[in-house]
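As a plain string of letters, each chain reads:
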Amino acid sequence: MNNDKKIALVTGAAQGIGKCIALTLLEGGWEVVIADIDEEAGREALAELAPRGKVSYFNCDVADENSVIRLFEQFEELYSGLDLLVNNAGIMITKPIQKITYGEWSRVIAVNLGGAFLCSKYAAEKLRLVKGCIINISSTRALMSEPDTESYSASKGGMLALTHSLAVSLGPDIRVNCISPGWIEVSDWKKSENRKTPRLTEEDHSQHPAGRVGSPQDIALAVKFLSDPGNSFMTGENLIIDGGMTRKMIYL
């Protein structure tokens, strides 16, 4: 086992925001474990990130408790400690409420919210030993909506509540915070078969008070900030990173 460096476990890190979080942590000297249900994407991410530092990949369905238990069993074979858990894994199904099935609704809730609960449950003992932290990735859709996103919005709203509840339950040994991204362009952070160059218009950028659409790096830098032990007085908070869009009044 190796615990010379700080260890981070990032779920849903084979693509998108999670992959960028993993890369940023590696570049900061962390060792990173990627957990993802997409084995093809996971192996590809492992190959791409390996030159940047020590990284491992484990296949896991965070909505399946037995799969999460196996993840932590595999984790313990390589690592004796855990300093940071990033609950990033998530899915989205966009359908009108009359057409989305209860099974589809339940799957979104199970992955996005249940997965964060399960991973936090099985990571807590390890995190407590080192006064580590949990960072949950929610969404501004927890606070505002577009049509036909009920299951996703509900799951992300639940993530906000789970965050402050865990912060109270696990403190002071474990800090728990949340990040709510807005529009983050991830087209070029997907696995190779789905990767494409982002096509953004000037209007896409200019509608944001910050003047641009967000990038995965914006979220990864926030993870870096929240995981810094120097921020030990910050827990139970939700950090909104959306270029100012939730503060903008829009009238048609």
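Cut-offs applied
Residues numbered from 1 in each chain as written. Predicted model: local features only at pLDDT ≥ 70, side-chain atom pairs only at ≥ 80, totals over all residues. Heavy atoms only, no water. Salt bridge = Lys/Arg side-chain N within 4 Å of Asp/Glu carboxyl O. Helix = DSSP H or I, 4+ residues; strand = E, 2+ residues; numbered from the N terminus. 1 Å grid on protein atoms, 1.4 Å probe; cavity = no way out; pocket = protein on both sides within 12 Å on 5 of 7 lines; lining within 4 Å. Points joined across faces, edges and corners; volume = space filled by probe spheres on them. Nonpolar A, V, L, I, M, F, W, Y, C, P; charged D, E, K, R; others polar. Core = buried A, V, L, I, M, F, W, Y, C linked by side-chain atoms within 4.5 Å. Buried < 20%, exposed > 50% of the residue type's maximum accessible area, 1.4 Å probe, protein only. Contact = heavy atoms within 4.5 Å. Pairing = 2+ DSSP bridges. Axes fitted to C-alpha atoms, helices over the stretch in contact; angles between N-to-C directions.

Enquirer: So what exactly am I meant to see when it comes to the pattern of salt bridges here?
Expert: A side chain with one charge may pair with a side chain of the opposite charge, provided their charged atoms come close. Tallied over the entire structure, the rule returns 16 salt bridges. One salt bridge connects Glu48 with Lys19, and the closest N-O pair in it is separated by 2.4 Å. In this pair, Glu48 is assigned in helix 2 (residues 39–49) and Lys19 in helix 1 (residues 16–27), connecting sequence segments 29 residues apart. In this structure, the salt-bridge partner of Glu65 is Lys121, at a minimum N-O distance of 3.7 Å. Taken together, the positions of Glu65 in helix 3 (residues 65–78) and Lys121 in helix 4 (residues 102–130) put the pair 56 residues apart, joining distant regions of the chain. The structure contains a network of salt bridges with shared partners spanning Lys19, Glu44, Glu48 and Arg195.

Enquirer: Just to check I follow, could you spell out empty space enclosed by the protein for this structure?
Expert: If a probe as big as a water molecule is rolled over the atoms, it shows which places are left empty. Under the counting rule described, the total for this entry stands at one cavity of 30 Å³ or more. Within this model, the largest cavity holds a volume of roughly 40 Å³. What lines the largest cavity is simply Thr11, Val62, Asn87, Ala89, Val111, Asn112, Gly115, Ala116, Cys119 and Met159. Counting residues per element, the lining of the largest cavity draws most heavily on helix 4, which supplies five residues. Looking at the lining of the largest cavity residue by residue, the class counts come to six nonpolar, four polar and no charged.

Enquirer: I'm lost on the nonpolar core in this one. Help?
Expert: One broad trend across soluble globular proteins is that nonpolar side chains are buried collectively. In this structure, Ile21, Leu25, Val32, Ile34, Leu84 and Val223 are the most contacted members of the largest nonpolar core, which totals 33 residues. Elements that contribute at least two residues to this core include exactly strand 1 (7–11), helix 1, strand 2 (31–36), helix 2, strand 3 (55–59), strand 4 (84–87), strand 5 (133–137) and helix 7 (216–227). The residues touching Leu25, leaving out its near neighbours within four places in the chain, are Ala8, Val10, Trp30, Val32, Leu84 and Val223. Formed by 32 residues, the second largest nonpolar core is a distinct cluster that contains Phe58, Val68, Val111 and Ala124.

Enquirer: Honestly, the sheet that holds strand 6 (residues 175–181) in this entry has me stumped. Any pointers?
Expert: The strands making up a sheet are joined through hydrogen bonds of the backbone, oriented either antiparallel or parallel. Pairing in this open sheet of seven strands is parallel, and the strands run 3-2-1-4-5-6-7 from one edge to the other. The outermost strands of the open sheet, each flanked by one partner alone, are strand 3 and strand 7 (238–241). Between one strand and the next, the sheet's axes are offset by a mean angle of 20°, whatever the strand orientation. Examined bridge by bridge, strand 4 and strand 5 share four bridges and lie parallel to one another. Considered in strand 5, the bridge of Val86 is made with Ile135. Against the sheet, helix 3 contacts strand 1, strand 2 and strand 3, and its axis sits at roughly 155° relative to strand 3. Of the strands in this sheet, strand 1, strand 4 and strand 5 are in contact with helix 4, which crosses strand 4 at around 180°.

Enquirer: Explain the layout of surface pockets here, please?
Expert: Its volume calculated, the largest pocket comes out at about 1400 Å³. As for the largest pocket, its lining consists of 42 residues, and the residues nearest its centre are Ile17, Met92, Tyr152, Ile184 and Val186. With three residues, the top contributor of residues to the lining of the largest pocket is helix 1. Of the residues that constitute the lining of the largest pocket, the class distribution is 17 nonpolar, 15 polar and 10 charged. In this structure, the second largest pocket occupies an estimated 250 Å³ of space.

Worth remembering: the numbers are spatial, not functional.
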